[in-house]
Amino acid sequence: EKTAQSKWAELGLMKRIAILEKAFEEFKGKKQDFVILEAREMGMPIMDALTDFDATLDFAKWYFENAEKYLNPETVFENDKEVHLVFHEPIGVAAVIVPWNFPFANFVWGALQSLIAGNTIVFKHSEECPLSGKFIEDVLAKHLPEGVFNEVFGAGDVGSILANQDINMIAFTGSTKTGKYLYELAGKLLLGQQLLLPGERHHADPAGRHDHRGLHRRRHHRRRERHHDQHPRRGRLRHGPDLRHQP
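Each chain carries its own residue numbering, running from 1 in the direction its sequence is written. Side-chain atom pairs in this predicted model are given and counted only at pLDDT of 80 or more, local residue features only at pLDDT of at least 70, and totals for whole chains, interfaces and linings cover all residues. Each side-chain value is derived from all of the structure's non-hydrogen atoms; neither hydrogens nor water enter the calculation.

Asker: Tell me about the overall build of the protein, and please be specific about residues and values.
Answerer: Counting its regular elements, the protein contains eight helices and eight strands. Across the 247 residues that make up the protein, the buried fraction comes to 49%. The contact criterion used throughout is that any non-hydrogen atoms of two residues lie within 4.5 Å. Expressed as a percentage of contacts within the protein between residues at least 6 apart in sequence, the contacts between residues at least 24 apart total 70%. Working note: accessible area of the protein is about 12,700 Å², and carbon and sulfur atoms make up 52% of it. The way it works is that DSSP assigns letters per residue, a run of H or I at least four long becomes a helix, a run of E at least two long becomes a strand, and they are numbered from the N terminus. Exposure categories follow from relative accessible area, calculated using a 1.4 Å probe and restricted to protein chains: below 20% of the type maximum is buried, above 50% is exposed, and the middle band is partly exposed. The Shrake-Rupley method, run with a 1.4 Å probe sphere, supplies the accessible areas, and residue values consider only the shown protein chains as cover.

Okay, here's the thing in structure tokens:
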């Protein structure tokens, strides 16, 4: 996944978006198939599933249309002698673990922003809806380069194994008990983390070092009279704007 990640990041934002948009065109064309599968597998009423699927496509569309705006370099200080810029970079490999209740939406909320940003994904859907997870994997495998989106299947023990692998970030939606375990694990391993737990809309890293898209923000100080084209040096991860929520 890490070799695939560097190649995926090197494609650049607009090429990544173009590839992902083609995949989502296929998802759109297979809406009826996915909705019926979802209804049979986890019991969502078909009309609710149709509404959820369309709303999720709207989220994806907004991410695609606004990614460039939020991922462009930011000017954080400027005077007549120098400019300070912050560059957003992918963090690497993200482990994304999501629950059963909204099989398609949880995938988009959990993984799509990170893919757009240039990360690769190891994805684990709930053991309650493995067929929905396999459907998602099969569509993405037709469009994304090998190793960019990877899926594992199983219960909580598989998630625990995944979280202890050579990854750079954990994104988890689920129970408070598991969230606390992953939060502690991320702290010990110095991993980026994004947790969405019961009763919380957004559980951000209190240290402000990570955001849920999985981005480095590297800061570059540039003097106006010199080094105008100097390549900025790598820096540490910091918080950034939330792409998940539409304006």
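Asker: Talk me through the packing of helix 2 (residues 13-29) against helix 6 (residues 130-141); I want residue IDs and the actual numbers.
Answerer: Relative orientation of the contacting elements helix 2 and helix 6 amounts to 135°, with a least axis distance of 9 Å. As judged from the angle between their axes, helix 2 and helix 6 are oblique. You can see that helix 2 and helix 6 cross each other, and the crossing is right-handed. Facing Ala23, Glu26 and Phe27 of helix 2, the residues of helix 6 in contact are Ile136, Val139 and Leu140. Lines fitted to C-alpha atoms define the axes here, with helix axes fitted over just the stretch in contact, and angles between the N-to-C directions of these axes take values from 0 to 180 degrees. By the definition adopted for this analysis, an angle is roughly parallel if under 35 degrees, roughly antiparallel if over 145, roughly perpendicular if from 65 to 115, and oblique otherwise. It is the rotation of the near helix from the far one that decides the hand of a crossing: anticlockwise by less than a right angle makes it left-handed, clockwise makes it right-handed.

Asker: Help me get a handle on the sheet that holds strand 6 (residues 169-173), residues and values and all.
Answerer: If you walk across this open sheet you meet the five strands as 5-4-3-6-7, and the pairing is parallel. Since the sheet does not close on itself, it has two edges, and those belong to strand 5 (149-152) and strand 7 (192-196), each with one partner. When the angles between neighbouring strand axes are averaged without regard to direction, this sheet yields 15°. Where strand 3 (residues 93-97) lies against strand 6, four bridges are found, and the strand directions are parallel. Across the sheet, residue Ala95 finds its bridge partner in strand 6, namely Ile170. Its contacts with the sheet place helix 7 (residues 156-163) against strand 3, strand 4 (120-124), strand 5 and strand 6, and it is angled at close to 160° to strand 4. In this scheme, strands are said to pair when DSSP sees at least two bridges between them.

Asker: How would you explain the pattern of salt bridges if you had to name every residue and give the values?
Answerer: Just to be clear on terms, a salt bridge is a Lys or Arg side-chain nitrogen sitting within 4 Å of an Asp or Glu carboxyl oxygen. According to the stated counting rule, one finds seven salt bridges in the structure shown. Here Lys142 ties to Glu26 by a salt bridge, and the two come within 2.9 Å at their closest N and O atoms. Of this pair, Lys142 sits in the loop between helix 6 and strand 5 while Glu26 sits in helix 2, and the two are 116 residues apart along the sequence. Judged by relative accessible area, which is 16%, Glu26 ranks as buried. The salt bridge partner of Glu65 is Lys61, with a shortest N-O separation of 2.5 Å. Here Lys61 and Glu65 lie together in helix 4 (residues 46-71), a separation of four residues that amounts to about one turn. Overall, Lys61 belongs to the partly exposed group, its relative accessible area being 47%. The network of salt bridges with shared partners includes Glu26, Lys30 and Lys142.

Asker: So, the pairing of strand 2 (residues 82-90): which residues are in play, and what are the values?
Answerer: The buried fraction of strand 2 amounts to nine of the nine residues, a majority that puts the element mostly inside the structure. Between the antiparallel neighbours strand 1 (residues 74-78) and strand 2 lie three residues.

Asker: Quick rundown of the side chain of Asn66? Include the residues and the values.
Answerer: Among the structural elements, Asn66 can be located in helix 4. The definition of a polar contact used here is a pair of N or O atoms within 3.5 Å, where within protein one atom must be able to donate a hydrogen and the other to accept one, and adjacent residues in sequence count solely through side-chain atom pairs. From its side chain, Asn66 meets the backbone oxygen of Trp62 in a polar contact 2.9 Å long.

Asker: Which residues make up the nonpolar core, and what values do they have?
Answerer: Generally speaking, soluble globular proteins have nonpolar side chains that are buried together. What we call a nonpolar core is a set of buried Ala, Val, Leu, Ile, Met, Phe, Trp, Tyr and Cys residues that are connected through their side-chain atoms within 4.5 Å. Core analysis: the biggest nonpolar cluster contains 44 residues, and Phe24, Phe27, Phe104, Phe107, Leu112, Ile116 and Phe149 have the highest contact counts within it. At the level of secondary structure, the elements contributing two or more residues to this core comprise helix 2, helix 3 (31-42), helix 4, strand 3, helix 5 (103-117), strand 4, helix 6 and strand 6. Dropping the residues within four chain positions of it, Phe27 is found in contact with Phe53, Phe104, Phe107, Ile136, Val139 and Leu140. Among the nonpolar cores identified, the runner-up in size contains 15 residues, and Ile170, Phe172, Ala186 and Leu191 belong to it.

In short, the description is geometric, and any link to function would need to be established separately.
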